[in-house]
Amino acid sequence: MKKKSWFEIEDTSTINSPSLLVYPERIEENIRAMIAISGSVSNLRPHIKTHKMKEVVQLQQRHGIQKFKCATIAEAELLGQCEAEDILLALQPVGNNINRFFQLVRTFPKSRFSTLVDNEFTLSKIAEKAAENSTIASLYLDINSGMNRTGCLPNQKAEALYSAMEKNPNIQAMGFHSYDGHLHHSAVNERTTLCDAAFDRVINLKKTIKKQGIIVPHIIAGGSPTFPMHAKRSGVEASPGTTLLWDARYATLFPEMPFLNAAVLLIRILSKPSENILCFDLGHKSVAPEMSFPRVTILGLEDAEQISQSEEHLVVQTTRADEYEVGDTCYAIPVHICPTVAKYEEVITVSDGRATGSWKVAARNQTITI
């Protein structure tokens, strides 16, 4: 009998398709690899935006990780429910999210919450709300390291804003946050050079501010592509996220990284409408569709050309179509795992070729209770 591959389930007869499968043992291997690269859990602040699951947070906590980063109030609430010690909301709150941030602080007193600011207006709103709540808000200065998405450029305006944070009685200035998500060059040397150049501006800003007598106590930097670079820096917390589940895109771009694919889509063939054509039940409602084809790597059909996708269907062209029948089960690794996870209410856990249970994607929506 042919030995099944690591991702295959012995009996798929009761499993719906499409479904998202996760492999806890492989997730745990990825956690160990993250800790090994960083050298210590104290240098780690993993992002939970990829998985959004309590069980994955708890796996990391069992390995001593207690500092986390998140992108939404719901993700922050999930971390509060897990009693994570230190939680950074790494998306500057605006509008009612400022109120919700302070509700988090009140609801989960065992956790320390902080967030980001990159302009005077938001700083004043957060400081005002902190005063109303008779508390002190912990804030990081969000720095634009070249991605041009959020953050302030590391110049005199940044100096003035951090000084204002430091002087405000309702604000505790925690340090800098710098996300370099635009750096995903495959060549390690090129990625390292660009990462170092971008980070030098952050360090120079810290030195300039120190001349004013202001100490910048913490720096949180990077994402998964630059994780190995920032992990080597003293006094810097690195923030990988995709490393926990990994995906086809990062596995291709960064073959030097030791992370395992730990999330796989179970899909089935819906139709064989013409010669050399297979249609799968994997529409863009079920996998991240924002990138060009391919959207997934279909295991065993890696050379098939993905030619169209609609809400419920993925159509591929392959000279091997005759080897497959309608109803056949296949497995696919998403090219972009983060928004793919958010499409599922729960994932199916798999161990030793068997479906063992399910985990709720608890923070997939914008709210849990807050």
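Figured I'd write up the structure that's included with this text.

About the cut-offs
- Residues numbered from 1 in each chain as written.
- Predicted model: local features only at pLDDT ≥ 70, side-chain atom pairs only at ≥ 80, totals over all residues.
- Heavy atoms only, no water.
- Pairing = 2+ DSSP bridges.
- Helix = DSSP H or I, 4+ residues; strand = E, 2+ residues; numbered from the N terminus.
- Axes fitted to C-alpha atoms, helices over the stretch in contact; angles between N-to-C directions.
- Buried < 20%, exposed > 50% of the residue type's maximum accessible area, 1.4 Å probe, protein only.
- Contact = heavy atoms within 4.5 Å.
- Core = buried A, V, L, I, M, F, W, Y, C linked by side-chain atoms within 4.5 Å.
- Salt bridge = Lys/Arg side-chain N within 4 Å of Asp/Glu carboxyl O.
- Phe/Tyr/Trp six-rings, centres within 6.5 Å; stacked < 30°, edge-to-face > 60°.
- Lys NZ or Arg CZ within 6 Å of the ring centre and 35° of its normal.
- Disulfide = S-S within 2.5 Å.
- Parallel < 35°, antiparallel > 145°, perpendicular 65-115°, else oblique.
- Nonpolar A, V, L, I, M, F, W, Y, C, P; charged D, E, K, R; others polar.

Topic: the sheet that holds strand 3 (residues 86-89)
Here comes step 1: One open sheet holds the seven strands; their spatial order is 2-3-4-5-6-7-8, and the pairing between them is parallel. The sheet is open, and its two borders are formed by strand 2 (67-70) and strand 8 (236-238), each paired with just one other strand. Direction aside, neighbouring strands of the sheet carry axes that sit 30° apart on average.
Here comes step 2: Taken together, the seven bridges between strand 5 (residues 137-143) and strand 6 (residues 171-178) define a ladder with parallel strand orientation. When the bridges of strand 6 are listed, Asp 142 appears paired with His 177.

A few points about helix 3 (residues 73-81)
Here comes step 1: For helix 3, the buried fraction is high: eight of the nine residues fall into the buried class.
Here comes step 2: Listed as buried for helix 3 are Ile 73, Ala 74, Glu 75, Ala 76, Glu 77, Leu 78, Leu 79 and Gly 80.
Here comes step 3: Buried residues along helix 3 sit in contact with helix 2 (54-62), strand 2, strand 3, helix 4 (96-107) and strand 4 (112-117).
Here comes step 4: Within two residues after helix 3, Glu 83 carries a phi angle of roughly 55°, on the positive side.

Thoughts on the nonpolar core
Here comes step 1: Among the nonpolar cores identified, the biggest contains 95 residues, and Ile 27, Leu 141, Tyr 162, Met 165, Phe 176, Leu 265 and Phe 280 are the most heavily contacted of them.
Here comes step 2: Beyond its immediate chain neighbours, meaning those up to four positions away, Phe 280 contacts Ile 267, Arg 268, Ile 269, Leu 270, Ile 298, Leu 301, Glu 312, His 313, Leu 314, Val 316 and Cys 330.
Here comes step 3: Of all hydrophobic cores here, the second largest spans 14 residues; its members include Ile 9, Ile 15, Tyr 331 and Val 335.

What about the pattern of salt bridges?
Here comes step 1: Taken as a whole and judged by the stated rule, the model has 14 salt bridges.
Here comes step 2: The salt bridge partner of Arg 32 is Glu 29, with a shortest N-O separation of 2.7 Å. Highlighted residues: Arg 32 and Glu 29, both in helix 1 (residues 24-38), separated by three residues, approximately one helical turn.
Here comes step 3: Residue classification places Arg 32 among the partly exposed residues on the basis of a relative accessible area of 39%.
Here comes step 4: The partner of Glu 311 in a salt bridge is Lys 285, with the nearest N and O atoms 2.9 Å apart. With Glu 311 in the loop between strand 12 (305-309) and strand 13 (314-317) and Lys 285 in the loop between strand 10 (277-280) and strand 11 (296-298), this residue pair connects regions lying 26 residues apart in the sequence.

Regarding the packing of aromatic side chains
Here comes step 1: Considering all chains together, one arrives at nine aromatic pairs under this definition.
Here comes step 2: Aromatic side chains Phe 108 and Phe 113 sit 6.4 Å apart centroid to centroid with 45° between the ring planes, which places their arrangement in the tilted category. Residue Phe 108 shares its accessibility class with Phe 113, and that shared class is buried.
Here comes step 3: Consider the rings of Tyr 162 and Phe 176, whose centres lie 5.5 Å apart with planes at 80°: the pair is edge-to-face. Within this pair, whereas Tyr 162 is found in helix 6 (residues 156-167), its partner Phe 176 is found in strand 6, the two being separated by 14 residues in sequence.
Here comes step 4: Relative accessible area serves as the criterion here: at 0%, Tyr 162 is assigned to the buried category.
Here comes step 5: A network of ring pairs unites the aromatic residues Trp 6, Phe 7, Tyr 23 and Tyr 331 as a single cluster.
Here comes step 6: The ring of Trp 6 has Arg 26 sitting right over it, with the charged end atom 3.6 Å from the ring centre.

Topic: unusual backbone geometry
Here comes step 1: Of the consecutive residues Ser 17 and Pro 18, the connecting peptide bond is found in the cis state with omega at 0°.
Here comes step 2: The peptide bond linking Phe 293 to Pro 294 adopts the cis configuration, its omega dihedral lying at 5°.
Here comes step 3: Structurally, the position occupied by Pro 294 is in the loop between strand 10 and strand 11.
Here comes step 4: Within the chain, Lys 52 stands out as a residue other than glycine whose phi angle is a positive 60°.
Here comes step 5: Take Lys 52: it is sitting in the loop between helix 1 and helix 2.
Here comes step 6: Residue Lys 52 is classed as buried on the basis of its relative accessible area of 10%.
Here comes step 7: Although it is not a glycine, Asn 276 adopts a positive phi angle of roughly 65°.
Here comes step 8: Tracing the chain through its elements places Asn 276 in the loop between strand 9 (263-271) and strand 10.

Describing the state of the cysteines
Here comes step 1: One pass over the structure, following the stated rule, counts zero disulfides.
Here comes step 2: This cysteine, Cys 330, is not joined by any disulfide, and Cys 279 carries the nearest cysteine sulfur, 12 Å off.
Here comes step 3: For Cys 330, a relative accessible area of 5% translates into the label buried.
Here comes step 4: As a non-bridged cysteine, Cys 338 has Cys 70 as the owner of its nearest cysteine sulfur, 14 Å distant.

Comments concerning the packing of helix 3 against helix 4
Here comes step 1: Interhelical geometry of helix 3 versus helix 4 gives an angle of 0° and a closest axis separation of 11 Å. Considering their axes alone, helix 3 and helix 4 lie roughly parallel with respect to each other. On the side of helix 3, the interface is formed by Ile 73, Ala 76 and Glu 77, while helix 4 contributes Asn 97, Arg 100, Phe 101 and Leu 104.
Here comes step 2: Residues belonging to the contact of helix 3 with helix 4 are distributed by class as follows: four nonpolar, one polar and two charged.

A word on the environment of Met 229
Here comes step 1: When you line up the elements, Met 229 lands in helix 8 (residues 227-230).
Here comes step 2: A relative accessible area of 8% means that Met 229 is categorised as buried.
Here comes step 3: For the pair Met 229 and Ser 17, spaced 212 residues apart in the sequence, the C-alpha separation amounts to 39 Å.
Here comes step 4: The contacts of Met 229, once residues within four sequence positions are left out, are Val 188, Arg 191, Thr 192 and Cys 195.

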